[in-house]
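Residue-level listing of the chains:
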Amino acid sequence: QKARKEVMVRTCVYCHSARASIRRPSTHEAICKECFFRAFEDETHHTIVTNALFKRGERIAVAVSGGKDSTVLAHVLTTLNRRHDYGLDLFLLAVDEGITGYRDDSLETVKRNEQQYEIPLKIVSYEDLYGWTMDEIVAAIGKKNNCTFCGVFR
């Protein structure tokens, strides 16, 4: 007969009802997804207030790439601005480097974020700012050292 392995299901240490699905690296607490979101938002709010990061009425650009990090930042800042009435004028800011096929999908994600979070989006391009796309720079100078241009332009 095979030995039966018992699985211990932990409940969230915050709400004591939901199944814990995350162990927080900072505290080693076992918590559920909803409590994790709330704790993350509360800690972010505490950091903003404690360090006086913003003043009411400020216009704040949230630099977005379409990736998960900037999408979470846009979500959290929008949520906290509404929940705690920071009075910030938030907008999304994305950069189009002008590399064919590189930024297309992520710019579509950023456009969806604009609708989802109901904050305006500004897309700036290297071509508009500097008169060159990265594709044109690579065509002119070759692939060697082109990262330097992109980094400086950013």
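Coordinates for the structure precede this section.
This one's a predicted model, so the numbers in the text were calculated from it and none came from an experiment.

> I keep staring at the overall build of the protein chain and nothing clicks. Help me out?
In terms of helices and strands, the protein chain carries 6 helices and 5 strands. Of the regular secondary structure in the protein chain, the N- to C-terminal order runs β-β-α-β-α-β-α-β-α-α-α. The globule rule puts the C-alpha radius of gyration for 154 residues at 15 Å, and the 22 Å found for the protein chain is more than 25% above it. Once the C-alpha set of the protein chain is aligned to its principal axes, its extents read approximately 70 × 55 × 25 Å. The buried share of the protein chain, taken over its 154 residues, is 32%. Charged side chains in the protein chain number 22 positive and 21 negative. The centres of these two groups are separated by 10 Å.

> Looking at this structure, how should I read a negative patch on the surface?
A grouping of Glu 127, Asp 128, Asp 135 and Glu 136 is seen on the molecular surface, where their side chains present a negatively charged patch. Examined against the element boundaries, Asp 135 turns out to sit in helix H5 (residues 134-141).

> Explanation requested: the environment of Tyr 117 in the structure shown.
Residue position: Tyr 117 is located in helix H3 (residues 104-117). Relative accessible area serves as the criterion here: at 7%, Tyr 117 is assigned to the buried category. Distance from Tyr 117 to Asn 145, taken between C-alpha atoms, is 38 Å for residues 28 residues apart in sequence. Setting aside residues up to four positions removed in sequence, Tyr 117 forms contacts with Thr 71, Ala 74, His 75, Thr 78 and Arg 82.

> Explanation requested: the sheet that holds strand E3 (residues 59-63) in the structure shown.
Whether parallel or antiparallel, the strands of a sheet pair through hydrogen bonds between backbone atoms. Spatially, E3-E4-E5 is the arrangement adopted by the 3 strands of the open sheet, whose pairing is parallel. This sheet does not close on itself; its edge strands, each paired only once, are E3 and strand E5 (121-125). Geometrically, the sheet is characterised by an average inter-axis angle of 35° between neighbouring strands, direction not taken into account. Two strands pair when backbone bridges link them, and E3 and strand E4 (residues 89-96) are joined in this way by 5 bridges, in the parallel orientation. Within E4, the position partnered with Ile 60 by the bridge is Leu 90.

Reading the values: the criteria
- Residues numbered from 1 in each chain as written.
- Predicted model: local features only at pLDDT ≥ 70, side-chain atom pairs only at ≥ 80, totals over all residues.
- Heavy atoms only, no water.
- Helix = DSSP H or I, 4+ residues; strand = E, 2+ residues; numbered from the N terminus.
- Rg over C-alpha atoms; globule rule 2.2 N^0.38 Å.
- Buried < 20%, exposed > 50% of the residue type's maximum accessible area, 1.4 Å probe, protein only.
- Lys, Arg positive; Asp, Glu negative; His and termini not counted.
- Charge placed at Lys NZ, Arg CZ, Asp CG, Glu CD.
- Patch = residues over 30% accessible without salt bridge, like charges linked within 9 Å, V, L, I, M, F, W, Y side chains within 5 Å.
- Areas by Shrake-Rupley, 256 points an atom, 1.4 Å probe, with all protein chains shown as cover.
- Salt bridge = Lys/Arg side-chain N within 4 Å of Asp/Glu carboxyl O.
- Contact = heavy atoms within 4.5 Å.
- Pairing = 2+ DSSP bridges.
- Axes fitted to C-alpha atoms, helices over the stretch in contact; angles between N-to-C directions.

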